[in-house]
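Structural features, examined
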There are 2 protein chains.
Amino acid sequence: MATMKDVAALARVGVGTVSRVLNDSGAVKESTRRKVEAAMKELNYIPNAYARGLKMNKTNTIALIIPTIWHPFFSEFAYYVERNLSEHKYKMLLCNSDVSNEKELEYIQMVQENKVDGIIGITYSDLDNFVSSHLPFVTIDRHFKEETVCVTSDNFLAGRLAVEQLIEKGCKKLGYIGTHSRFPSETTKRRDGFEDQAGRMEIPYAIFDGEDPVVAFKQEIRAFFEANPDVDGVFAHTDFIALDILEVLDEMKRKVPEEVQIIGCDGIKMEAGRRQIVSTIRQPVDLMAKEAVEKIIQVIDGEPVKTKIVLPVQYVEGPTTKNSF
Amino acid sequence: MATMKDVAALARVGVGTVSRVLNDSGAVKESTRRKVEAAMKELNYIPNAYARGLKMNKTNTIALIIPTIWHPFFSEFAYYVERNLSEHKYKMLLCNSDVSNEKELEYIQMVQENKVDGIIGITYSDLDNFVSSHLPFVTIDRHFKEETVCVTSDNFLAGRLAVEQLIEKGCKKLGYIGTHSRFPSETTKRRDGFEDQAGRMEIPYAIFDGEDPVVAFKQEIRAFFEANPDVDGVFAHTDFIALDILEVLDEMKRKVPEEVQIIGCDGIKMEAGRRQIVSTIRQPVDLMAKEAVEKIIQVIDGEPVKTKIVLPVQYVEGPTTKNSF
DNA sequence: CTGTTAGCGCGTTCAT
DNA sequence: ATGAACGCGCTAACAG
């Protein structure tokens, strides 16, 4: 592997000059610049990222921590994060935390090791003692004690929209089915919005809201419908929960959307260009990724940033509600 | 940020000793080891990955290149790759190539920059001039001119199994619908296996096999069924193609699986634990990832490796074939 | 057993 | 405009 010294020798200049043409720093006479460039080409010179990183204390790499990439929501998010980072000349290190505190901490340590410049994280474990304000960290949907940049979508509105839609489509009694983490998350506002709007509209409703991890979730769902046989419109906390509900109702021989309508939340698609799998309140995943990337880079660059970014959500019609004509 | 020198100073030893306790290399007296460890703890010392990498010429990071992470097959694969790498103390850099030659090359360059030690790639562009035998590279499903380690599954058998299953389920005339890249790929053997088995069993069949990118794919599928109205069993080159077929048949008011049965290939699931979306020939994604990781690490370590690994496939019943009782 | 020292490849003064 | 020299933090070789 050719090094800077080799290039300098071949071009009969000092290493300093090579460095200058490489980084366009300082002035270099056109003729010598050409000599150097020729030498670089001839030796097939590629600068060593480690030496540079050691010197500059910068890696141009950020880590993305998510529970698992094997999930359409996270994989869409990761897709856009990588894409945006790439446009800013950054690389992305991916970590499936599997919701394990240990692995999340390991990655947080990596920023201290100088392996990454910052972290974007969707996390569900106890990180309060490690996330400090001088750690370049952007969270999605989550708050910490220390003020940290948080990108989220309008979860409260999501709940309200779902109620509005279900009522408009003729539902008489609503249900909310979801789970929540024991750590503070923006997504709990989905339920709040649901209750708020149902209250305003004076619609009766029932709720099942378990704490993760819920064992035998499907049985809980079944029990919910047995206890509330008149519920004909459900807002599910996520699209996957909507899918679970769909399976349970199928077992119970209750038709969707004829007898029960369901609206999920997230707006997952299996790949770009495919349809939603259920009627849903869609989060603007692309925008969330874009914001997260811009914010983490600003934090790394030491620029001031807003610590909370809330993005709009939107109802998208799918196969689990009655079409409105 | 505390450095090794600081630790050495605080512990009143030389930096060599600190390095030794850090890496468990060479012998260190128990009492001094403790002194050093205490100092490390007190200063909250974290070794700098760059300095170490510069010295060792090793990053413990590999790059995974895939067309897009926003796809259940690739995201499952990436999930397992990261998991296996993690067990070997490696990190994973993720690259969505979007099937762009440029971006793939950029990552290949990174191994020369010493940003990564090796690459696992699912690629579809012209890389022959860059993939040389001394580049630590493991491909999935693909061959290059230069001998490179290739992990794949038994695609030929996949085609044969599909035919067997369709016939067993009562199909009289078969169809194969797929696409292929213009670069040599193991997956073209799915069609070969299909034709081989249909030939042996003397079953009539029709084929549509377009070259990527196929424009208006659904219209092609529709044309296929209009030209071959008696096809009652289809082997789709991928699960997503099976899904497209499903949509087309739905538009044509033809019932699946009653009138037409479909078997896909890949075995994608939206997340761990969920069901297949169609009847399918499933690839052992977890094993493929495990093999790919083991092989790339062996290559990096300079160990000899088999250059081709073929893993078994398996039929999995789903909603697009008639249940066999 | 342990301290000292020489680079790893690069960016950056500081003279020239 | 450009070359020489220093140091980033670490490992390994050597001397004691």
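Residues numbered from 1 in each chain as written. Chains lettered and ligands numbered in written order. Predicted model: local features only at pLDDT ≥ 70, side-chain atom pairs only at ≥ 80, totals over all residues. Heavy atoms only, no water.

**Some points on the environment of A:F217**
Relative to the helices and strands, A:F217 resides in helix α9 (residues 217-227). Residue contacts for A:F217: discarding those within four places in its chain leaves A:I177, A:T179, A:F208, A:I241 and A:D244. (Helix = DSSP H or I, 4+ residues; strand = E, 2+ residues; numbered from the N terminus. Contact = heavy atoms within 4.5 Å.)

**Quick notes on the protein's contact with DNA strand C**
Lining the immediate surroundings of DNA strand C are 25 residues, of which A:M4, A:Y45, B:T17, B:K29 and B:K55 lie closest. Sugar and phosphate atoms represent 60% of those atoms of DNA strand C found within 4 Å of the protein. Contact distances for DNA strand C include 2.8 Å between a phosphate oxygen and a side-chain N or O atom of A:R52. Elements with a contribution of two residues or more to the surface near DNA strand C: α2 (15-23) and α4 (49-56) of chain A together with α2 (15-23) and α4 (49-56) of chain B. Per-class residue counts for the surface near DNA strand C are ten nonpolar, nine polar and six charged. (Near = heavy atom within 4 Å. Polar contact = N/O pair within 3.5 Å; in protein donor to acceptor, adjacent residues only side chain to side chain. Nonpolar A, V, L, I, M, F, W, Y, C, P; charged D, E, K, R; others polar.)

**Remarks on unusual backbone geometry**
Note on backbone geometry: most residues besides glycine have negative phi, and most peptide bonds are trans. Cis geometry marks the peptide bond from A:D212 to A:P213; its omega dihedral reads -10°. Note that A:P213 resides in the loop between β7 (205-211) and α9. Of note, the bond from A:V256 into A:P257 is cis; its omega dihedral lies within 30 degrees of zero at 5°. Take A:P257: it is sitting in the loop between α10 (239-251) and β9 (261-266). Residue B:K89 is not a glycine yet carries a positive backbone phi of 65°. Within the secondary structure layout, B:K89 lies in the loop between α5 (72-87) and β2 (91-96). Classification of B:K89 by relative accessible area gives exposed; the value is 66%. (Buried < 20%, exposed > 50% of the residue type's maximum accessible area, 1.4 Å probe, protein only.)

**What about the packing of aromatic side chains?**
Scanning the model with the defined rule gives 23 aromatic pairs over all chains in all. When the centroid spacing of 6.2 Å and the interplanar angle of 45° are considered together, the rings of A:W70 and B:Y79 count as tilted. Of the two residues, A:W70 sits in the loop between β1 (61-66) and α5 (72-87) while B:Y79 sits in helix α5, which places them in two different chains. Since its relative accessible area comes to 4%, A:W70 is described here as buried. In this structure B:Y79 comes out as buried when scored by relative accessible area, which is 8%. (Phe/Tyr/Trp six-rings, centres within 6.5 Å; stacked < 30°, edge-to-face > 60°.)

**Structural notes on the interface of chain A and chain B**
With 53 residues of chain A at the interface, the matching set in chain B holds 53 residues. Of the roughly 4,900 Å² buried between chain A and chain B on both sides combined, carbon and sulfur atoms contribute 60%. It is A:Y50, A:W70 and A:M270 in chain A that bury the most area against chain B; as a group they hold 20% of the surface buried on that side. The shortest N-O distance in the salt bridge between A:R274 and B:D244 comes to 3.4 Å. The tally of links between chain A and chain B comes to 23 residue pairs in polar contact (both at pLDDT 80 or more). If you tally residues by element for the side of chain A that touches chain B, the top one is α5(A), at nine residues. Counted by class, the side of chain A that touches chain B contains 24 nonpolar, 13 polar and 16 charged residues. (Buried area = accessible area lost by both parts, 1.4 Å probe. Salt bridge = Lys/Arg side-chain N within 4 Å of Asp/Glu carboxyl O.)

**Quick look at the pairing of strand β6 (residues 174-180) of chain B**
Residues and elements named next belong to chain B. Here β6 lies mainly inside the structure; six of its seven residues are buried. Once the chain exits β6 it traverses helix α8 (residues 189-201) before rejoining the sheet at strand β7 (residues 205-211), and the crossover so formed is right-handed. Across four bridges, the pairing between β6 and strand β8 (residues 233-236) is parallel. By the bridge assignment, I177 is partnered in β8 with A236. (Right-handed = clockwise from strand over helix to strand, strands pointing away. Pairing = 2+ DSSP bridges.)

**Some details on the sheet that holds β7(A)**
Residue and element names in this part refer to chain A. With respect to topology, six strands assemble into an open sheet ordered β7-β6-β8-β9-β10-β12, the strand pairing being mixed. A single partner strand is all that each edge strand has here, and the edge strands are β7 and β12 (314-316). Across the sheet, the mean angle separating the axes of adjacent strands is 20° when strand polarity is ignored. By the bridge criterion, seven bridges tie strand β6 (residues 174-180) to β7 in an arrangement that is parallel. (Axes fitted to C-alpha atoms, helices over the stretch in contact; angles between N-to-C directions.)

**As for the packing of α4(A) against α4(B)**
The interhelical angle for the contact between α4(A) and α4(B), taken along N-to-C directions, is 150°, at an axis separation of 8 Å. Along this stretch, α4(A) crosses α4(B), giving a crossing that reads as left-handed. Here A:A49, A:Y50, A:A51, A:G53 and A:L54 of α4(A) come into contact with α4(B), specifically with B:A49, B:Y50, B:A51, B:G53 and B:L54. Partitioning the contact of α4(A) with α4(B) into residue classes produces eight nonpolar, two polar and no charged. (Left-handed = near helix turned anticlockwise from the far one by under 90°.)

**Focus on the pairing of β2(B)**
Residue and element names in this part refer to chain B. Taking burial as the measure, the six residues of β2 include six buried ones, the bulk of the element. The two faces of β2 match: K91, L93 and C95 on one face and M92, L94 and N96 on the other face are all buried. The β-α-β motif built from strand β1 (residues 61-66), the intervening α5 and the parallel element β2 has right-handed crossover chirality.

**As for the relation of the copies chain A and chain B**
Between the two copies, chain A and chain B, the superposition gives an RMSD of 0.1 Å; the rotation angle is 180° and the shift along the axis is 0.0 Å. Between the two chains, the operation in question is that of a two-fold axis. Minimal C-alpha distance to the rotation axis in chain A is attained by A:L93, lying at 2.2 Å. Of the interface residues in chain A, 100% have counterparts in chain B that sit at the interface too, so the contact is made through matching surfaces. (Least-squares fit on C-alpha atoms with pLDDT ≥ 70 in both.)

**Section: helix α1 (residues 4-11) of chain A**
Residues and elements named next belong to chain A. Taken together, the buried positions of α1 are occupied by V7, A8 and A11. Taken end-on, α1 shows its buried residues confined to a sector of 100°, consistent with a single buried face. Exposed side of α1, more than 90 degrees from the buried face: K5 and A9 are the residues found there. Buried residues belonging to α1 abut α2 and α3 (30-43). At the N-terminal boundary of α1, the capping side chain belongs to T3, with an oxygen 3.0 Å from the backbone nitrogen of K5. (Arc of directions from axis to C-beta.)

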